[in-house]
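Examining the three-dimensional arrangement
Single-letter residue listing:
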Amino acid sequence: MKISLPDADIEYIENFYSINEATALFDIFQQHLLWRQDDIRMFGKTVKIPRLQAWYGDNHLRYRYSNMTLTAQPWATSLLALKSRISDYCHHDFNAVLANLYRSENDSVGWHSDNEPELGKTPTIASLSFGAEREFQLKHISTKTKESIMLAPGSLLIMRGNTQNSWQHCLPKRTAKIAPRINLTFRKIIT
Ligand SMILES: O=C(O)CCC(=O)C(=O)O
Ligand SMILES: [Mn+2]
């Protein structure tokens, strides 16, 4: 399904994986990915980022993200099957994936665009969700228009073209209790 937003090219496939597959994949990734708790420096202070992360990709690719440099772990076999299915669906070659584990409603990611220079000018980002459903928000950079999409387990969200140049996105904290969620964003680093 196309999500019709100005200056964006966004597609959402709710049942890219069945609910049974999504549940099994959540368990595998939660147990087997090399989750790390990174820090960032903000206003001169060191703070823990509010989620766990893991970075996998070809040839120890490096990725600078919010002042951190992550060096890719070699592909875990559990990720390769997903990469190939998503690459076929998107007709796009991905060479890395950033995994996020939101342990609870207190974990989040703040407003940002996936606009690091190593992604190129019009990156294609393929984002898979497992575990609890969470609200993904979008905000147009100049008009400030907001939109939100509930990302269901097993869903695939694809952002292409100008989306990262015109919109920011975030995954806000919530007050009501929420179970853990894993998000995998497949990317192509241009070296
Ligand atoms: O968890 C999500 O759905 C979004 C994650 C994200 O925006 C990112 O890792 O850049
Ligand atoms: Mn992002």
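Up top is the structure these notes are about.
The following paragraphs examine the structure supplied in this document. Worth saying up front: this structure is predicted, and the values here are computed from it rather than measured.

Considerations on the packing of aromatic side chains
Following the criterion strictly, the structure yields 6 aromatic pairs and no others. Ring geometry for Tyr17 against Phe130: centres 6.2 Å apart, planes inclined by 50°, an arrangement best described as tilted. Here Phe130 lies in strand S10 (residues 125-131) and Tyr17 lies in the loop between strand S2 (9-13) and helix H1 (19-32), a separation of 113 residues in the sequence. Assigned by exposure class, Tyr17 and Phe130 land together as buried. Ring geometry for Phe29 and Phe130: centres 5.8 Å apart, planes at 55°, overall tilted. You can see Phe29 sitting in helix H1 and its partner Phe130 sitting in strand S10, a full 101 residues away along the chain.

Things to note about the coordination of the manganese ion (ligand 2)
With distances of 2.1 to 2.3 Å, the protein atoms coordinating the manganese ion (ligand 2) are His112 (NE2), Asp114 (OD) and His169 (NE2). The sequence pattern formed by the donor residues of the manganese ion (ligand 2) is H-x1-D-x54-H. Of this pair, Asp114 sits in the loop between strand S9 (109-112) and S10 while His169 is found in strand S14 (residues 167-171), placing the two residues 55 residues apart along the sequence. In this pair, the class of Asp114 matches that of His169, namely buried.

Cut-off values and rules
Residues numbered from 1 in each chain as written. Chains lettered and ligands numbered in written order. Predicted model: local features only at pLDDT ≥ 70, side-chain atom pairs only at ≥ 80, totals over all residues. Heavy atoms only, no water. Phe/Tyr/Trp six-rings, centres within 6.5 Å; stacked < 30°, edge-to-face > 60°. Helix = DSSP H or I, 4+ residues; strand = E, 2+ residues; numbered from the N terminus. Buried < 20%, exposed > 50% of the residue type's maximum accessible area, 1.4 Å probe, protein only. Donors = N, O, S within 2.8 Å, 3.2 Å for Na, K, Ca; no water.

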